[in-house]
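A structural walkthrough
These are the residues of each chain, in order.
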Amino acid sequence: MGQTISIEQLHELVNKLSAQGRYWDALQLVNAFMDKGATDFAAVKSLVKTLSQHDDVGSLRELEERLKRHFPNDERARRLCYLIRHACRDWAGAEVILRPLIKKNPKEVGLHIALANLCERQLRPDEAIDVLSGLDADAMESEDLARACYVMASAFIQQKKPQEAKTFLLEHVDDLPENNYTAGCWKLLGKIYDKEKAYEEAFGAFKQGNDILIRHEGLNVSDNLARQRVEIMRGVYTPDWVKGWQRSAAKSAHNSPVFLIGFPRSGTTLLEQVLDSHPKIQALEERATIEPSYKLAGLMMWAMAGKELQSMPGAGWKQKGVAVNRKLSAMTEKQLDTLREKYWGEVSKYIDLESDSVFVDKMPLNMSLVGFIHRLFPQAKFIVALRHPCDCVLSAYMQSFDMNPAMANMVSLDWAAGYYKHLMSLLWQYEKELPLDGKIHYLKYEDLITDFEGQASAVLEFLGVGWNDAVRDYDSHARSRGALGTPSYTGVTQKLYRGAMERWRHYETHLEPVMHHFQAAASRYGYDLTVGIGSKAG
């Protein structure tokens, strides 16, 4: 950066770089200080939050290793290591770090609440409730109380005690501060009302939770990075540009991966569990494996586009983004091999691949990077999970997500519906412009629920493996994995149920203003948008 930076400036500079999207620069800066035996732990904590929002597990783990190496006996470093493990969704690893901290600080209420949260995430609701029941709610700070309420209600629901959860939430939710946990409490309450068929009360609770998120996070879509990526890709993938690609052999020691994609809440978690239960398939659950390769490619492409960018000083983000991303077509085989190695390196952090297995990489919103993925892996296959667009968007609106640019779209029905339309349009553009014939398999959530064996057999055939009875017991397999990192982690440990099909008809008056966003997808995939005909949902 060409200037001397003091430790006193570190926190402010880390925040500034992160706000500019340059969190890798912030990471290098923090690492440089730690390698000299110095750091500002508050700055590191801010960086952990930023890396978590970008799901950059590789950088988080790098940060954890440095903390352990340079500050092995510093409790502040151990607390940050706990936060990193939690951000990486390594619940068991986080618990290993947390328990000694509790033993050393037994009166610190927040640590006990964190332990209860980890128990609940690992499907141990009884333990979570026992931990929380031993705490004095009157002695809690308001932030701790909101988190405790969310974990307690979640644990009650895991125990299949919705009335206890409802009573508990109604007793506390109006007095909680506005933060993400309070928003989550309102959404849990909305789901309980939905089960009770009190649909207006349910929608009111969902809206309350989402409105809290909009205010607390300061959300808007005018500068949303996820939407900007979609717009850039739509400008990049034109017929003439694709024809100019230098074709790639994509030689690799691994088989080509299979990418499981779809709009959030389209059934990808259920399908991933079904596939992973097959002995010849290894499926990875929502890890940002391709994103680091895309970021590295971005640095390469930015350097390649240097002169062109200098010639367009007044250009906006889209024009510059298109110019940079179009350099992907001119990448050498050596550069592409580097990006592939980066991808497989990320994959190896989470799973030990067997040479004869089919690897399925599930990350729904990799849908925006189908073109980039095809450039790296021309033989890669894609499974696209579909669901009625109204149910898909409504379910996302009902759900509690960790906030990042993509999930920020889900707090408003209009934002979510518009994002759905743009993503699907980009997918169709990829299909039109890229040689993907025979490499995409569509699977409707509704068909999987009503014809499980027929649909499962079809996708297994697409993957080149035969039927195996183990896929029928996907729910047992899911429970045997101990914990899942996605919002669907409770539902997929149960048998198939039809209650989520056509749920949207109970909320159609709220969805009707955004249905114009769904017309093209509904027509393409045979979904009915007619209102006023009642619901078949339970």
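Scroll up for the structure.
One structure accompanies this document, and this report is about it. Residue indices follow the written sequence of each chain, beginning from 1 at its first position. In view of the model being predicted, local features appear only for residues whose pLDDT reaches at least 70, and side-chain atom pairs are presented and counted only at 80 or more, with totals across whole chains, interfaces and linings using the full set of residues. The side-chain figures draw on all heavy atoms in the structure; neither hydrogens nor water molecules are used.

**Re the overall build of the protein**
Helical segments are the DSSP runs of H or I of at least four residues, strand segments are the runs of E of at least two, and each set is numbered from the N terminus. Tallying secondary structure elements over the protein gives 27 helices and 5 strands in all. Over its C-alpha trace the protein gives a radius of gyration of 24 Å, about what one expects of a compact globule, namely 24 Å for 538 residues. Along the longest, intermediate and shortest principal axes, the C-alpha atoms of the protein span 65 × 65 × 50 Å. Residue burial is assigned from relative accessible area. The probe radius is 1.4 Å, only protein chains are included, and a residue is buried under 20% of its type maximum, exposed over 50%, and partly exposed in between. Residue burial in the protein is summarised as follows: out of 538 residues, 57% are buried. For the protein, contacts bridging at least 24 residues in sequence account for 75% of all contacts bridging at least 6. The Shrake-Rupley method, run with a 1.4 Å probe sphere, supplies the accessible areas, and residue values consider only the shown protein chains as cover. Of the roughly 23400 Å² that the protein leaves accessible, carbon and sulfur atoms contribute 50%. His is not counted, nor are the chain ends, whereas Lys and Arg count as positive and Asp and Glu as negative. Every charge is mapped to an atom, namely NZ of Lys, CZ of Arg, CG of Asp or CD of Glu. The averaged location of the 70 negative side-chain charges in the protein is 5 Å from the averaged location of its 66 positive side-chain charges. A radius of gyration in this sense is built from C-alpha atoms; the matching globule rule multiplies 2.2 Å by the number of residues raised to 0.38. Contacts are residue-level and defined by heavy atoms, with any inter-residue pair within 4.5 Å sufficient.

**Focus: the nonpolar core**
With 166 residues, the main nonpolar core has Leu63, Leu67, Tyr237, Phe372, Tyr419, Leu511 and Phe518 as its most contacted residues. Top contributing element to this core by residue count: helix 22 (residues 413–433), with 12 residues. Apart from residues no more than four positions distant in its own chain, Leu63 is found in contact with Leu27, Val30, Asn31, Met34, Val44, Leu47, Val48, Leu51 and Ile84. Joining through side-chain atoms within 4.5 Å is the link that ties buried Ala, Val, Leu, Ile, Met, Phe, Trp, Tyr and Cys residues into a set, and such a set is a nonpolar core. Leu271, Ile281, Ala283 and Leu443 belong to the second largest nonpolar core, which has 25 residues in total.

**Considering the packing of helix 1 (residues 10–19) against helix 3 (residues 41–53)**
A pair of packed helices is captured by two measures, namely the crossing angle of their axes and the spacing between those axes. As a rule, the C-alpha atoms of each element are fitted with a line to give its axis, helices using only the stretch in contact, and angles between N-to-C directions run from 0 to 180 degrees. For the pair helix 1 and helix 3, the least separation of the axes is 8 Å and the interaxial angle reads 15°. The orientation of helix 1 relative to helix 3 falls into the category roughly parallel. For helix 1 against helix 3, the interelement crossing comes out left-handed. Residues Leu10, His11, Val14, Asn15 and Ser18 of helix 1 lie in contact with helix 3, whose contacting residues are Ala42, Ala43, Ser46, Leu47 and Thr50. Classifying every residue of the contact of helix 1 with helix 3 gives 5 nonpolar, 5 polar and no charged. Every angle not falling under 35 degrees, over 145, or within 65 to 115 is termed oblique; those three ranges are roughly parallel, roughly antiparallel and roughly perpendicular. If you view the pair so one helix is near and one far, a crossing is left-handed when the near helix is turned anticlockwise from the far one by less than a right angle, and right-handed when it is turned clockwise. Residues are grouped as follows: nonpolar covers Ala, Val, Leu, Ile, Met, Phe, Trp, Tyr, Cys and Pro; charged covers Asp, Glu, Lys and Arg; every other residue, Gly included, is treated as polar.

**Digging into the environment of His86**
Locating His86 in the fold gives a position in helix 5 (residues 75–87). Not counting the four nearest positions on each side in its chain, His86 is found in contact with Trp91, Ala94, Asn117, Leu118 and Arg147.

**Here we look at the environment of Glu217**
The residue Glu217 is located in helix 12 (residues 199–217) in this model. With a relative accessible area of 31%, Glu217 lands in the partly exposed category. Sequence separation of Glu217 and Asn179 is 38 residues, and the distance between their C-alpha atoms is 8.4 Å. Not counting the four nearest positions on each side in its chain, Glu217 is found in contact with Asn180 and Met403.

**A look at the pairing of strand 1 (residues 258–262)**
Of all 5 residues in strand 1, 5 are buried; the element is thus mostly enclosed. Burial along strand 1 is two-sided: the residues Val258, Leu260 and Gly262 and Phe259 and Ile261 are all buried. At least two bridges found by DSSP between two strands is the condition for calling them paired. As defined by bridge partners, strand 1 adjoins strand 4 (residues 381–386) across 5 bridges and the pair is classed as parallel. Considered in strand 4, the bridge of Val258 is made with Lys381.

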